[in-house]
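# Commentary on secondary and tertiary structure
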Amino acid sequence: MAVRGEVVAWLGSDEVGRRQFPDAEVVDLDGGFVAPAFVDSHIHVTATGLTLSGLDLRRASSRAHCLQLIADYAEAHPGQPVWGHGWDESTWPDHTPPSTADLDAVLGARPAYLARIDVHSALASTGLRSRAPDLPAAPGFTAQRPLTGDAHHRVRAVARDLLTGPQLAEARSAALRAIAASGTVAVHECAGPEIGGLDDWRQLRELDHGVEVIGYWGQAVSSAEEVRTLMAETGARGLAGDLFVDGALGSHTAWLHEPYADAPDCRGTAYLDADMIEAHLRACTQARVTAGFHVIGDAAVSATVDALGRVVADLGVPAVARCGHRLEHVEMVTADQAAKLGAWGVLASVQPNFDALWGGSNGMYAERLGAHRGSQLNPLALLASQGVPLALGSDAPVTGIDPWASVRAAVNHHTPGSGVSVRAAFAAATRGGWRACGVRDGDIGALVPGAPASYAVWDVEELDVHAPDDSVQRWSTDPRSRVPALPRLDPADELPRCRRTVHRGAVLYG
């Protein structure tokens, strides 16, 4: 491959290339595997950095272990507020999170915010709760259990204000360094007033790191004029991303038609009603701006698809399709809904690692919904078969930022028939991410002459190349597919290790 400036100038055999470019600088990759760089279609950069540089509770194996990790961190960082992420009581023996009293016993009066792994509920110490005097009146408040809904959003904002500028700046830099080291050159930052706030988004936009940050702002509007004002204020690519219609299954806040199997009196939380969803879609469509929502539960998906249908009936399919509206997660979707989304040009930003973490007969999905409902989540093959374009994301810090892990999870789905081919998964993690943010030049995300020189070099154990008539072939090696022969991605295989990441000709890592 020959690169001139920011673009791929040529591809071919080595001997021809050396004759055609006799004065070129030659880099021998010594067997390295070169592929288009990845795009993460859903991420929270600052929160990811805070987890990398702060208290990561994802390894907590029990309630007692979680409390010990919190105590150890507090002792090592005296006088500082405690910000942590990642506990998941669904994997613990007693399935019980720490209480407020448990936190106070190890932290005293120190303020502490500790988000559950899905970031839709959080533990908060009395030292933090007391800084939000109106907290008890907020929906989702409980005195001892994790906070959800508006109560969670309020206490998170208070905790965020306790973080210093240098802490936040280092978190952003740490996240972007890790993203580049993962072979990823662009991310879709899902920002919003309840997530990091406008200041955080502006600080992130101003960083000149090299990783391309494409922002979506999750704030509901009701008129085209509001759309244009908010777009100008934020500089976002669209009013989409984590505009919450509902919450998450792990926190019992995903909005369901039928109650949770392990909480029979609960159907989750609806943050936006049908009229608000429709008004947002209509306003963005009229302004020709991408709209979108965070939707996980089947009731949330139904409300959103129904609202889309009303906007389509009024404004027409072309008006809706040209906006590139998108849904994040869309975990509980029916065949009829998927067909409508495909017909209306709606994209799906999906997170295959959710199934890797919580799918299966003994996983969190089965615990929350029962075995039958729990086995129907994240139907990637169904969406793809109905013409819904897929883009793969991590939702970091919810899951890790290794894009090969996302590709592997999309292929090795817990539910037979719900996964996609390696070729489709890799395309969704590269070209799919560009298409989801409106870049559709036909070249970016592939290594072809004229395309941006955005690629990564990997050390791999083995490339899984089969003959065209091999019955175990799992993707096309036809050059027209623009997808190279890919590393083996069976569950037991070691994932590729990134050696170098390049975006538009500039080395970001390695």
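Scroll up for the structure.
Just so it is clear, the structure is predicted and the values come from calculations on it, not from any experiment. Counting from 1, residues in each chain are numbered in the order their sequence is written. It should be noted that, the model being predicted, local features are given only for residues of pLDDT at least 70 and side-chain atom pairs only at 80 or more, the latter also being counted only at that level, while totals for whole chains, interfaces and linings use all residues. Hydrogens are left out, water is left out, and the side-chain values use all remaining heavy atoms of the structure.

## Here's the deal with the pairing of strand 10 (residues 184-191)
What counts here: Accessible area is worked out with a 1.4 Å probe on protein chains only. A residue is then buried under 20% of its type maximum, exposed over 50%, and partly exposed in between. Where helices and strands are cited, they refer to DSSP runs of H or I of at least four residues and of E of at least two residues respectively, numbered from the N terminus. Any two strands with at least two DSSP-identified bridges between them are counted as paired. Crossover handedness is defined here as right-handed if the route from the first strand over the helix to the second strand goes clockwise, with the strands pointing away from the viewer.
Of all eight residues in strand 10, eight are buried, a share of seventy percent or more. Sheet analysis places strand 4 (residues 38-43) next to strand 10, joined by four bridges and oriented parallel. Note on strand 10: the bridge partner recorded for Asp40 is Val187. The pairing of strand 10 with strand 11 (residues 212-217) spans six bridges and is classified as parallel. Bridging from a neighbouring strand, Ala186 pairs with Glu212 of strand 11. As for the winding sense of the linkage, the β-α-β connection from strand 10 through helix 8 (residues 197-206) to strand 11 is right-handed.

## Some words on the nonpolar core
Formally: By convention a nonpolar core is built from buried Ala, Val, Leu, Ile, Met, Phe, Trp, Tyr and Cys residues, the set being connected through side-chain atoms within 4.5 Å.
In terms of nonpolar packing, the biggest core is built from 88 residues, with Val227, Phe293, Val330, Leu383 and Trp404 touching the most fellow members. Sort the elements by how many residues they give to this core and helix 11 (residues 298-315) lands first, with eight residues. Formed by 18 residues, the second largest nonpolar core is a distinct cluster that contains Leu50, Ala115, Ala132 and Ala171.

## Topic: the sheet that holds strand 8 (residues 121-124)
The test is simple: The contact criterion used throughout is that any non-hydrogen atoms of two residues lie within 4.5 Å. Each axis is a line fitted through C-alpha atoms, taken for helices only over the stretch in contact, and angles between the N-to-C directions span 0 to 180 degrees.
Here we have five strands laid out as an open sheet, ordered 5-6-7-8-9, and mixed in their pairing. Of all the strands in the sheet, just strand 5 (55-56) and strand 9 (147-148) have a single pairing partner and so form its edges. Two strands pair when backbone bridges link them, and strand 5 and strand 6 (residues 82-87) are joined in this way by two bridges, in the parallel orientation. Counterpart to Leu55 in the pairing with strand 6 is Gly84. In this fold helix 4 (residues 100-107) packs onto strand 6, strand 7 (112-116) and strand 8, with an angle of close to 45° to the strand it touches most, strand 8.

## Thoughts on the packing of aromatic side chains
Any aromatic ring pair is given by two values, namely how distant the centres are and how the planes are angled relative to each other. Note the cut-off: Pairs were defined over the aromatic rings of Phe, Tyr and Trp, the Trp ring being its six-membered one, requiring ring centres within 6.5 Å. Orientation was assigned from the angle between planes: stacked under 30 degrees, edge-to-face over 60, tilted for the rest. We call a charge positioned above a ring when the Lys NZ or Arg CZ atom is no farther than 6 Å from the ring centre and deviates by at most 35 degrees from the ring normal.
Tallied over the entire structure, the rule returns eleven aromatic pairs. Relative to Phe426, the ring of Phe38 has its centre 5.6 Å away and its plane inclined at 75°; by these criteria the two rings are edge-to-face. Placement of Phe38 in strand 4 and of Phe426 in helix 19 (residues 422-429) is noted, with a sequence separation of 388 residues between them. Judged by relative accessible area, which is 0%, Phe38 ranks as buried. Here Phe426 falls in the buried class, since its relative accessible area comes to 1%. Between the aromatic rings of Trp358 and Tyr365, the centroid separation amounts to 6.3 Å while the plane-to-plane angle is 70°, which identifies the pairing as edge-to-face. When its relative accessible area of 6% is taken as the criterion, Trp358 is described as buried. Grouping aromatic residues by their ring pairs yields a cluster made of Phe38, Trp404, Phe426 and Trp458. The aromatic ring of Tyr216 is capped on one face by Arg326, whose charged end is 4.4 Å from the ring centroid.

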